Protein chains: 2
Amino acid sequence: MMNAHRWADILRVDEGFRLADVDPGSTPGYEHGKSHGARDLEKGLASLNTLQERLFAESRAGIAKDAVLLVLQAMDSAGKGGIVRHVVGGVDPQGVALAAFKAPTAEEREHDFLWRIEKRLPEPGFIGVFDRSHYEDVLIGRVRALADPSEIERRYDAINAFEAQVAASGVRIIKVMLHISPDEQKARLRERLERPDKHWKYNPGDVDERLLWPQYMEAYQTVFDRTSTDEAPWHVIPANSKWYARLAVQELLLAALEDIDPQWPVAEFDVEAEKKRLEAS
Amino acid sequence: MMNAHRWADILRVDEGFRLADVDPGSTPGYEHGKSHGARDLEKGLASLNTLQERLFAESRAGIAKDAVLLVLQAMDSAGKGGIVRHVVGGVDPQGVALAAFKAPTAEEREHDFLWRIEKRLPEPGFIGVFDRSHYEDVLIGRVRALADPSEIERRYDAINAFEAQVAASGVRIIKVMLHISPDEQKARLRERLERPDKHWKYNPGDVDERLLWPQYMEAYQTVFDRTSTDEAPWHVIPANSKWYARLAVQELLLAALEDIDPQWPVAEFDVEAEKKRLEAS
């Protein structure tokens, strides 16, 4: 199994990146198949849990300075929910802060698009997860012309300034686009329509957005060109294979936590004296 | 394995309940041991997940009216964290809303004690978990005389009125006290002192509270006498055996979800027409 930082390197959006060149059915850097991938996911979970518990311990001890923020973006049915459930869901819920961003409310629309985002940033010691994010405001916002072109244009720079500030405060930002093919999406939406217990996951609007696939890919490409920075790089994860996407996100989380390298806090009390107090109690 | 409602019946605090009569080392209503208990926990998880997913589906479809609220109270080291991790942690994090209540902040102290609680109630379709709660205000609040006796007295009725209103809005309230013995606590705190990777879980204040054990048990007894209602009953769960406590809480959650009996939402769109639109897209 390759090292977590290798995954980050392979999947990162660097200068000259072309989304059109990524095969959504590929499994870059991973030579094994599904069953091996499931076992590696299970193994990685143990490491993820140890690192997360140390980070959380630092927060309880009041010495945590760092946090992790996983930003998930994707076309419908690409597997954001599965990532939350099978990757993030393996971590102690006490150390996770999940925020799912829907279409903005009337109150939210009265503020700058980053207003509701800032309120949900993870505290030091936490792993924050954004299920959709401020990027909706330059994705559907652009494709559906929900704002003037000059406002959309302004947002890319606003996002970079915001994320640079967030990163400087100690948050490791991991931005992920789960990339599926239109055919894979069709198969997944078909299954939702065929199974009554999946109807709730289907929305007729999904097909409306699907019809704008090329426009969305163009909007994503612009997002990558404009907002993949050293402080907050994008990663495009081929996601036709759910198992691969889950493994890849887990590795990105591991790389971020290994960078933070959280340590068990050193006791600020006199351990021997406390042992005596406890025994006498 | 007994039916989930039987667990609720056995563990519920009814008229005449005496905390002093509960053996923290017992496993009421369960004839098997630890390994069998672990298997039953695993089995129950599948049922819990199905019921939770249906409840969440109702919320996504905008038709959920009900929610579940698990209130966890206990002496230090009794296992609240383990419940969150091993019982609640088995459920899709997208449908869980966890709130850990610490000592109130200056802002919170300026408001009524229920002010911060109300803001964290679960939305319809969610399983809310309170790790500590408004009961701290009549537990440590009483034992440490953090408020006047008349104010403490007022709070029991305020809690009952509040919870009756919350229950009427569709929230199934499950109140749980995890009950360990002083000896078991001593052993658990000792382990925290002996292991450097557990020091962060130890606080010298834990021994201060431990020295007030009889006063805390009296405060809990008063809580049970005054606030175990039909709408929001208390359950005392012997918790010297962690596996038993986890199984019991899972069963209480299952009973609440079975009562709600959430159903897969019926599609509000024309399924056949959508299939055609999808295939044409």
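Residues numbered from 1 in each chain as written. Chains lettered and ligands numbered in written order. Predicted model: local features only at pLDDT ≥ 70, side-chain atom pairs only at ≥ 80, totals over all residues. Heavy atoms only, no water.

### Considering the overall build of chain A
Along the backbone of chain A there are 12 helices and 5 strands. For chain A, the C-alpha radius of gyration of 20 Å lies close to 19 Å, the compact-globule estimate for 281 residues. Along the longest, intermediate and shortest principal axes, the C-alpha atoms of chain A span 70 × 45 × 40 Å. In chain A, which comprises 281 residues, the proportion classed as buried is 54%. If you take every contact in chain A between residues at least 6 apart in sequence, the share linking residues at least 24 apart comes to 82%. Accessible surface for chain A amounts to roughly 12,500 Å². Of this, 48% is attributable to carbon and sulfur atoms. Averaging the positions of the 37 positive and the 48 negative side-chain charges in chain A gives two centres separated by 5 Å. (Helix = DSSP H or I, 4+ residues; strand = E, 2+ residues; numbered from the N terminus. Rg over C-alpha atoms; globule rule 2.2 N^0.38 Å. Buried < 20%, exposed > 50% of the residue type's maximum accessible area, 1.4 Å probe, protein only. Contact = heavy atoms within 4.5 Å. Areas by Shrake-Rupley, 256 points an atom, 1.4 Å probe, with all protein chains shown as cover. Lys, Arg positive; Asp, Glu negative; His and termini not counted. Charge placed at Lys NZ, Arg CZ, Asp CG, Glu CD.)

### Quick look at the nonpolar core
Grouped together as the largest cluster of nonpolar side chains are 81 residues, with contacts concentrated most on Leu70, Val176, Leu178, Phe224, Ile237, Val249 and Leu253 of chain A. Per-element accounting of this core gives the leading share, 13 residues, to helix α11 (residues 242–260) of chain A. When neighbours within four sequence positions are excluded, Leu253 of chain A is seen to be in contact with Leu48, Val68, Leu70, Val87, Ile127 and Ile174 of chain A. In terms of nonpolar packing, the next biggest core, distinct from the first, is built from 80 residues, Leu72, Ile152, Ile173 and Trp213 of chain B among them. (Core = buried A, V, L, I, M, F, W, Y, C linked by side-chain atoms within 4.5 Å.)

### Considerations on unusual backbone geometry
Residue and element names in this part refer to chain A. One non-glycine residue, Ala145, lies in the positive phi region at around 50°. Take Ala145: it is sitting in the loop between α6 (140–143) and α7 (149–168). Its relative accessible area of 58% is what places Ala145 among the exposed residues.

### A short note on the interface of chain A and chain B
Residue-level contacts link 43 residues of chain A with 43 residues of chain B. Counting the surface lost from both chain A and chain B, the interface buries some 4,100 Å², and carbon and sulfur atoms represent 61% of this. When the buried area of chain A at its contact with chain B is split by residue, Arg85, Trp200 and Leu278 of chain A rank highest and sum to 18% of it. Where chain A touches chain B, the interface holds 6 salt bridges. (Buried area = accessible area lost by both parts, 1.4 Å probe. Salt bridge = Lys/Arg side-chain N within 4 Å of Asp/Glu carboxyl O.)

### Some points on the sheet that holds strand β5 (residues 234–238) of chain A
Residue and element names in this part refer to chain A. If you walk across this open sheet you meet the 5 strands as β2-β3-β1-β4-β5, and the pairing is parallel. Each edge of the open sheet carries a strand with a single partner, namely β2 (96–100) and β5. Neighbour-to-neighbour, the strand axes of the sheet open up by a mean angle of 20°, direction not taken into account. Inspection of the sheet shows strand β1 (residues 67–74) paired to strand β3 (residues 127–131) by 5 bridges, in the parallel sense. Opposite Leu69, over in β3, you have Gly128 as the bridge partner. (Pairing = 2+ DSSP bridges. Axes fitted to C-alpha atoms, helices over the stretch in contact; angles between N-to-C directions.)

### Things to note about empty space enclosed by the protein
A probe as big as a water molecule, rolled over the atoms, marks out the empty space that is left. Residue and element names in this part refer to chain B. Within the structure shown, the criterion is met by 2 cavities of 30 Å³ or more. A volume near 40 Å³ is recorded for the largest cavity. Elements supplying a minimum of two residues to the lining of the largest cavity: β1 (67–74) and α7 (149–168). Element by element, the count of residues in the lining of the largest cavity is highest for α7, at 3 residues. Tallied by class, the residues present in the lining of the largest cavity amount to 8 nonpolar, 1 polar and 1 charged. Taken together, Ala78, Gly79, Ile83, Leu178, Ala239, Lys242, Ala245 and Arg246 make up the full set of residues lining the second largest cavity. The dominant element in the lining of the second largest cavity, judged by the number of residues it contributes, is helix α11 (residues 242–260), at 3 residues. Each residue belonging to the lining of the second largest cavity can be placed in one class, and the counts come to 5 nonpolar, 1 polar and 2 charged. (1 Å grid on protein atoms, 1.4 Å probe; cavity = no way out; pocket = protein on both sides within 12 Å on 5 of 7 lines; lining within 4 Å. Points joined across faces, edges and corners; volume = space filled by probe spheres on them. Nonpolar A, V, L, I, M, F, W, Y, C, P; charged D, E, K, R; others polar.)

### A closer look at the relation of the copies chain A and chain B
Under the fitted operation, chain A is carried onto chain B by 0.0 Å of movement along the axis and a turn of 180°, and the coordinates agree to an RMSD of 0.0 Å. The symmetry that links the two subunits is that of a two-fold axis. A symmetric contact is evident, with 100% of the interface residues of chain A recurring at the interface of chain B. (Least-squares fit on C-alpha atoms with pLDDT ≥ 70 in both.)

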